[in-house]
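# Results of the structural survey
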Amino acid sequence: MHASSAFSPAISAESATWLARSGLRALNLGGRTLLPVVQGGMGIGVSAHRLAGSVAALGGVGTLSSVDLRRHHPDLMAQTGHLGAGEDTKRLIDAANLEALRREISAARELAQGRGLLAINVMRAVSEYAPTVRCALESGIDAVVVGAGLPLDLPDLAQDHPQAALIPILSDARGVQLIVKKWERKKRLPDAIVIEHPRLAGGHLGAARIADLNDPRFDFENVIPQSIEFLKSAGIEKEIPLIAAGGIRSFEDIARLQSLGAAAVQLGTPFAVTEEGDAHPEFKRVLAQAKEDDMLEFTSVAGLPARAVATPWLRAYLKIESKLQAVVHHKAHCTKYFDCLAQCGLRDGLPGWGQFCIDNQLAAALRGDVKKGLFFRGVGTLPFGEQIRSVRDLVERLLTRQGALQHA
């Protein structure tokens, strides 16, 4: 029997062969049998339609990041890129981003060719969280993934879309219990839960403070079995697959996490540096060449711990952070009149929160500006070191035992 016939048409024939040889378990999600590989959502614009569609085309979960997608559309940037003061500015930018989201979902769907699963990642912390979720669902997205805050209201936002998979990102077993219990009252369960390790992941991290990043409650060896035990006690362990995220780089990592009870894994940085990644080549080079000593943790303007590469901008910012914190004060308006975050350390003058414009810095990274950009990255050596390879090569590597590679 051909290997692909054992799996759903959601997986490409080639990927099905890799999966069959790997001995890893497939992921069952959204009524589909998928590769146990999820591409994490990365903004601004790092994971747009090219990356998400390419991952889905192989049979994995491809994820668009919803944040400021207009930056991939010159016509939308021409309409909104130079807006100044005025009450219409935010409305026009938000409308442009929803239009960009619709375009990106459509383009990703075309690339996926009916395979895999397409998700949208929406930060709970962004001001346009609810309109973005609704727009993605109305545009036919397969799954909504929410991190950077507890999405207690996600079932309400998706009540008219029962077929869409709803996936919160959490970091410990307490969060899993809280979300499941709250959602049960709304007669909806998570279709999967991403368990993200804040000591290993990139970008915004699921811990209250930087000092908490090393708390053992976040270790996969603790949180995955504890979460499964809770789900078993509730009689729903077979209904909610757990997806481990943070620092995953190899087949061996996936096999170890599946042995702990995870159904699949989520990777961000390894996908960000692929040929199909939607960011500038310089963005990919910075991430691929970064060493462990180059990684810095700091508090983001969203009030969350974050991890990024120690680029010139980040080093310069951290040198003056204490001075900026000493003079925090509420601003009359957002520096860009965009108000991208519901709560912003810079705009709202929040002590202890970051004091910079995150939209400026992430947009600079997207276009490859090493001097000004904020380059989020997870820990760990990448599967191909400093090489920039294709999504296909990465997925094949992840589903192949290293011993088999060495003897090939």
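Just so it is clear, the model here is predicted, and its values are computed rather than measured.

## Some points on the overall build of the protein chain
- Looking only at helices and strands, the protein chain has 16 helices and 13 strands in total.
- For 408 residues, the compact-globule formula gives about 22 Å, and the C-alpha radius of gyration of the protein chain, at 20 Å, lands near that figure.
- In terms of overall dimensions, the protein chain has C-alpha extents of about 65 × 50 × 45 Å along its principal axes.
- When the 408 residues of the protein chain are sorted by exposure, 56% land in the buried category.
- Nonlocal contacts in the protein chain, meaning residues at least 24 apart in sequence, comprise 65% of its contacts between residues at least 6 apart.
- Only carbon and sulfur atoms are counted for the fraction: they give 51% of the accessible area of the protein chain, which is about 16,700 Å².
- Across the protein chain, the 46 positively charged side chains and the 44 negatively charged ones have centroids separated by 2 Å.

## Describing helix α1 (residues 13-22)
- Of all the residues in α1, the buried ones are Ser-15, Ala-16, Thr-17, Trp-18, Leu-19 and Ser-22.
- Where α1 is buried, its residues meet β2 (32-34), α2 (49-58), α9 (251-260) and α15 (391-398).
- Note on α1: the residue one or two positions beyond its end, Gly-23, has a positive phi of about 80 degrees.

## What to know about the pattern of salt bridges
- Under the counting rule described, the total for this entry stands at 30 salt bridges.
- Across the salt bridge formed by Asp-68 and Arg-70, the nearest N and O atoms sit 2.6 Å from each other. You'll find Asp-68 and Arg-70 in the same group, each marked buried.
- Where Arg-103 meets Asp-75, a salt bridge forms, and the shortest distance between an N and an O atom there is 2.8 Å. In this pair, Arg-103 is assigned in helix α4 (residues 88-112) and Asp-75 in helix α3 (residues 74-80), connecting sequence segments 28 residues apart.
- A residue is classified by how much of its surface remains accessible, and Arg-103, at 28% relative accessible area, is partly exposed.
- One salt-bridge network, in which partners are shared between bridges, spans Glu-14, Arg-389, Arg-392, Asp-393 and Glu-396.

What counts, and at which threshold
- Residues numbered from 1 in each chain as written.
- Predicted model: local features only at pLDDT ≥ 70, side-chain atom pairs only at ≥ 80, totals over all residues.
- Heavy atoms only, no water.
- Helix = DSSP H or I, 4+ residues; strand = E, 2+ residues; numbered from the N terminus.
- Rg over C-alpha atoms; globule rule 2.2 N^0.38 Å.
- Buried < 20%, exposed > 50% of the residue type's maximum accessible area, 1.4 Å probe, protein only.
- Contact = heavy atoms within 4.5 Å.
- Areas by Shrake-Rupley, 256 points an atom, 1.4 Å probe, with all protein chains shown as cover.
- Lys, Arg positive; Asp, Glu negative; His and termini not counted.
- Charge placed at Lys NZ, Arg CZ, Asp CG, Glu CD.
- Salt bridge = Lys/Arg side-chain N within 4 Å of Asp/Glu carboxyl O.

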